[in-house]
Amino acid sequence: MTTQLDELFDNNRRWAAKVESRSPGFFTNLLKQQAPQYLWIGCADRRVPANELVDLLPGELFVHRNVANAVVHSDLNCLSVMQFATDLLKVKHIIIVGHSGCGGVNAALKDLRIGLADNWIRHVQDVRNRHATWLETVPALQRANAMCELNVVEQAINVCQTTIVQDAWQRGQELVVHAWVYGLHNGLLQDLEMTVSRLDDAGVAYETAIAAVRSRYPAPAPA
Ligand SMILES: [Zn+2]
């Protein structure tokens with residue numbers, strides 16, 4: 001068994017050389033500025049690499065990831081990232097990104113035990129419980145993806161309800177919250193049409209986005 005992971009260091013050296021040859025001075029320029037426009041809050045899943053799938057370079061996206069892209073009002077880790085991004089970096093967009101085939105969402109949906117994360121995804125189970133009656137009407141094969149979309153919308157409203165975002169809006173700062181989902185099967189992002197740029201719009205945007213999720217997963221017609 002290798003203990004040094006030389007191949008990753010080799011890859012890293014090749015990557016740094018490639019970036020520098022394509023764009024001379026890239027890394028020294030990066031040192032001088034850090035003013036990303038976007039904060040990405042996504043799932044920790046290895047198959048959803050934030051920068052790559054929107055084709056942005058390091059420095060262009062501020063990123064926070066956790067299991068099932070949850071925004072929890074007492075999570076100092078996520079809140080600290082959000083506060084730094086909003087108040088100091090002055091990002092213009094906070095984007096919550098879920099993905100199809102999310103193991104955390106699936107575990108929450110089906111009460112699967114996966115370990116310590118069971119306690120974390122209790123927050124996602126709260127989403128399931130809130131929409132349990134409707135989820136029952138969704139065909140079993142589509143339920144996990146429907147639940148994934150609901151979870152993104154619920155986490156986006158959580159973002160809108162943080163003091164960080166509300167204070168930013170209160171002082172007239174330009175800041176837009178978005179809810180997106182990424183398709184593992186096709187590599188494409190989908191906008192769940194919950195785009196909120198001021199507090200007064202949050203409630204209607206939430207209701208509209210939830211209604212849109214429901215319309216994408218209609219109950220089968222009775223036989
Ligand atoms: Zn996931």
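Higher on the page you've got the structure.
Residues numbered from 1 in each chain as written. Predicted model: local features only at pLDDT ≥ 70, side-chain atom pairs only at ≥ 80, totals over all residues. Heavy atoms only, no water.

(A) How the structure looks around the overall build of the protein chain. Helices and strands together make up the secondary structure of the protein chain, namely eleven helices and five strands. Expected size for 223 residues packed as a compact globule is a radius of gyration near 17 Å; at 19 Å, the protein chain falls within 12% of this value. In terms of principal-axis extent, the alpha carbons of the protein chain reach across some 65 × 55 × 30 Å. Expressed as a percentage of the 223 residues in the protein chain, the buried residues total 43%. Long-range contacts, defined as pairs at least 24 residues apart, comprise 62% of the intrachain contacts of the protein chain with a sequence gap of at least 6. Carbon and sulfur atoms form 55% of the exposed surface of the protein chain, whose accessible area is close to 12,400 Å². Both charge centroids of the protein chain, one from 20 positive and one from 23 negative side chains, sit 3 Å from each other. (Helix = DSSP H or I, 4+ residues; strand = E, 2+ residues; numbered from the N terminus. Rg over C-alpha atoms; globule rule 2.2 N^0.38 Å. Buried < 20%, exposed > 50% of the residue type's maximum accessible area, 1.4 Å probe, protein only. Contact = heavy atoms within 4.5 Å. Areas by Shrake-Rupley, 256 points an atom, 1.4 Å probe, with all protein chains shown as cover. Lys, Arg positive; Asp, Glu negative; His and termini not counted. Charge placed at Lys NZ, Arg CZ, Asp CG, Glu CD.)

(B) How the structure looks around the sheet that holds strand β1 (residues 38-43). What the five strands build is an open sheet, ordered β2-β1-β3-β4-β5; its pairing is mixed. For this open sheet the edge positions go to β2 (61-66) and β5 (189-191), each flanked by a neighbour on one side alone. Strand-to-strand twist across the sheet, computed as the mean angle between neighbouring axes with direction ignored, equals 25°. Bridge count for β1 against β2 is six bridges, and the pairing is parallel. (Pairing = 2+ DSSP bridges. Axes fitted to C-alpha atoms, helices over the stretch in contact; angles between N-to-C directions.)

(C) Just the coordination of the zinc ion, in detail. Within the protein, the zinc ion binds to Cys43 (SG), His99 (NE2) and Cys102 (SG); these donor distances fall in the range 2.0 to 2.3 Å. Read in sequence order, the donor residues for the zinc ion give the motif C-x55-H-x2-C. (Donors = N, O, S within 2.8 Å, 3.2 Å for Na, K, Ca; no water.)

(D) Broad picture of the pattern of salt bridges. All told, the structure shown has ten salt bridges when counted by the stated rule. A salt bridge links Asp126 to Arg122, with the shortest nitrogen-to-oxygen separation between them at 3.7 Å. Linking Asp126 with Arg122, this pair stays in helix α7 (residues 122-130), spanning four residues, or about one helical turn. Look at Asp126 and you get partly exposed, because its relative accessible area is 35%. For Arg198, the salt bridge identified is with Asp200, shortest N-O distance 3.6 Å. The class of Arg198 is partly exposed, set by a relative accessible area of 44%. For Asp200, a relative accessible area of 62% puts it in the exposed group. Look at the salt bridges and you will find they share partners, linking Arg198, Asp200 and Asp201 into a network. (Salt bridge = Lys/Arg side-chain N within 4 Å of Asp/Glu carboxyl O.)

(E) Quick peek at the pairing of strand β3 (residues 93-99). Of all seven residues making up β3, six are buried, and the element is well covered by its neighbours. Where β1 lies against β3, five bridges are found, and the strand directions are parallel. What sits directly across from Leu39, in β3, is Ile94. Direction of pairing for β3 relative to strand β4 (residues 176-182): parallel, over a ladder of seven bridges. Pairing of Val97 across the sheet is with Trp180, part of β4.

(F) Structural context of the state of the cysteines. Across all of its chains, the model carries zero disulfides by this definition. Residue Cys148 stays outside any disulfide, its sulfur separated by 6.0 Å from that of Cys102, the closest cysteine. When its relative accessible area of 3% is taken as the criterion, Cys148 is described as buried. (Disulfide = S-S within 2.5 Å.)

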